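# Summary of structural features
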Amino acid sequence: MIAGSMVALVTPMDAQGELDWAALSKLVDFHLQEGTNAIVAVGTTGESATLDVAEHVEVIRRVVDQVAGRIPVIAGTGGNSTRESVELTRAAKEVGADACLLVTPYYNKPTQEGLYLHFRHIAESVAIPQILYNVPGRTVCDMLPETVERLSKIDNIIGIKEATGDLRRAQEILDRVSSDFLLYSGDDPTAVELMLLGGKGNISVTANVVPRAMADMCAAAMRGEAAIARAMNDRLMPLHKALFTEANPIPVKWAMHEMGLISDGIRLPLTWLSPRCHEPLRQALRQSGVLA
């Protein structure tokens, strides 16, 4: 079972927006050393929307090769084109990903039936474990719990990353699906509460910055140690919030640059973090212990 703290890994780039392979390799080592339980390559935080297909697949391949089976690698392969999603999912399987994460189609606003048919088609086309991803704040497309329930009956659809931050929604999904269908948080501030309800982990932006703390927090929550997990989360809450002062991954890339982990590269239409946000994020990094 894929569980625990799963980093939604950034894709390092140089100042011209070209992929920085050396920095990617160092990040993978960083997460292996710091106890991250799984790596999500080329999800939203990995700027999947602005990588071309060849780059997308190459990032996944390099992460898979370097991890070498030590922890699971989940490939972000969703999109708003069903055909392209199949193509990316098939490519991820070919390079050795353990599972795929498929975001709801953005911009074209499918119906619930369209969502069901989209994900069913991908699942039937590629025999790899698949995790649904619902983040309506970015996609303007909300996959409702009844649609999740229908999709959960398809053998290789194994779970969902639910990023609404709505714990009532999370509980409804848990009530509707079987016990072997995996519910993950995609919202760092509420992840502990979702895991205490029965979720199996957190696909995290914050884990890019404090992987050990996030791994320890997730482990405590999944052991049912509510007071310990909540205290850990309270200490991280300023960082959770500061990492969303502008659209993800703008703040987290700036934070990682401040930490010396990556260069100052991001692709248009995203831009580098606005100066007004620098000091509040720097202060949150100090509070979390990663900057002096």
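Treat the numbers as computed from the prediction; the structure is a model and nothing was measured.

The rules behind each value
Residues numbered from 1 in each chain as written. Predicted model: local features only at pLDDT ≥ 70, side-chain atom pairs only at ≥ 80, totals over all residues. Heavy atoms only, no water. Helix = DSSP H or I, 4+ residues; strand = E, 2+ residues; numbered from the N terminus. Rg over C-alpha atoms; globule rule 2.2 N^0.38 Å. Buried < 20%, exposed > 50% of the residue type's maximum accessible area, 1.4 Å probe, protein only. Areas by Shrake-Rupley, 256 points an atom, 1.4 Å probe, with all protein chains shown as cover. Lys, Arg positive; Asp, Glu negative; His and termini not counted. Charge placed at Lys NZ, Arg CZ, Asp CG, Glu CD. Contact = heavy atoms within 4.5 Å. UniProt positions renumbered as here; feature names shortened; annotations may be inferred. Phe/Tyr/Trp six-rings, centres within 6.5 Å; stacked < 30°, edge-to-face > 60°. Lys NZ or Arg CZ within 6 Å of the ring centre and 35° of its normal. Core = buried A, V, L, I, M, F, W, Y, C linked by side-chain atoms within 4.5 Å.

The next point concerns the overall build of the chain. Counting its secondary structure elements, the chain contains twelve helices and eight strands. The C-alpha atoms of the chain give a radius of gyration of 18 Å, which matches the 19 Å a tight globule of 292 residues would have. Here the chain holds 292 residues, and the buried ones make up 53% of them. Counting only carbon and sulfur atoms, one obtains 50% of the accessible surface of the chain, whose full area is about 12000 Å². For the chain, the separation between the mean place of its 27 positive charges and that of its 35 negative charges on side chains is 2 Å.

Let us now look at the environment of Met1. Residue placement: Met1 occurs in the segment before β1 (4-8). Linking Met1 and Tyr116, residues 115 residues apart in sequence, is a C-alpha distance of 24 Å. Setting aside residues up to four positions removed in sequence, Met1 forms contacts with Leu182 and Lys200.

Another aspect to go through is the UniProt feature "active site" (unreviewed entry) in the chain. UniProt records the feature "active site" (unreviewed entry) for Tyr133 and Lys161 in the present numbering. Look at the named residues: they lie 29 residues apart in sequence, but the longest C-alpha span between them is just 4.6 Å, so in the fold they bunch up. Among the secondary structure elements, Tyr133 is positioned in strand β5 (residues 130-134). For Tyr133, a relative accessible area of 6% puts it in the buried group. Discounting residues that sit within four places of it in the chain, Tyr133 has contacts with Thr44, Leu101, Leu102, Val103, Thr104, Ile160, Lys161 and Ala163.

All right, on to the UniProt feature "binding site: pyruvate" (unreviewed entry) in the chain then. Feature annotation in UniProt places "binding site: pyruvate" (unreviewed entry) on Thr45 and Ile203, given in this structure's numbering. Separation in sequence by 159 residues is not matched in space for these annotated residues, since their most distant C-alpha atoms are only 10.4 Å apart. Locating Thr45 in the fold gives a position in the loop between β2 (38-41) and α2 (53-67). Setting aside residues no more than four positions away along its own chain, Thr45 makes contact with Ala8, Leu9, Val10, Thr11, Val205, Asn208, Asn248, Pro249 and Val252. Relative to the helices and strands, Ile203 resides in strand β8 (residues 201-204). When sequence neighbours within four positions are dropped, the list of residues in contact with Ile203 reads Met6, Ala8, Val40, Leu101, Lys161, Tyr184, Ser185 and Gly186.

For the structure on display, the rule yields zero aromatic pairs. One Lys or Arg, Arg150, reaches over the ring of Tyr116 and ends 3.8 Å from the middle of that ring. Lys161 extends its terminal NZ or CZ atom over the ring of Tyr133, reaching a point 4.0 Å from the ring centre.

This paragraph deals with the side chain of Asn156. Mapped onto the elements, Asn156 comes out in the loop between α6 (145-152) and β6 (157-162). Taking relative accessible area as the criterion, Asn156 reaches 16% and is therefore assigned buried. Those residues in contact with Asn156 that lie beyond four places of it in its chain are Ala123, Val126, Ala127, Ile128, Pro129 and Gln130.

Moving on to the nonpolar core. Counting residues in each nonpolar core, the largest one holds 77 residues, and the members touching the most others are Val63, Val209 and Leu281. Ignoring anything within four residues of it in the chain, the contact list for Leu281 reads Leu239, Ala242, Leu243, Pro251, Trp254, Ala255 and Leu273. Within the second largest apolar cluster, 16 residues are counted, among which are Ala38, Leu101, Tyr184 and Ile203.

A cis amide bond links Asn248 to the next residue, Pro249, at an omega of 10°. Following Leu268, the chain continues into Pro269 via a peptide bond in cis, with omega recorded as 15°. Among the secondary structure elements, Pro269 is positioned in the loop between α11 (250-258) and α12 (278-287). If you check the backbone angles, Glu47 has positive phi at about 60° while not being a glycine. Examined against the element boundaries, Glu47 turns out to sit in the loop between β2 and α2. Look at Val140: it is not a glycine, yet its phi comes out positive at around 55°.

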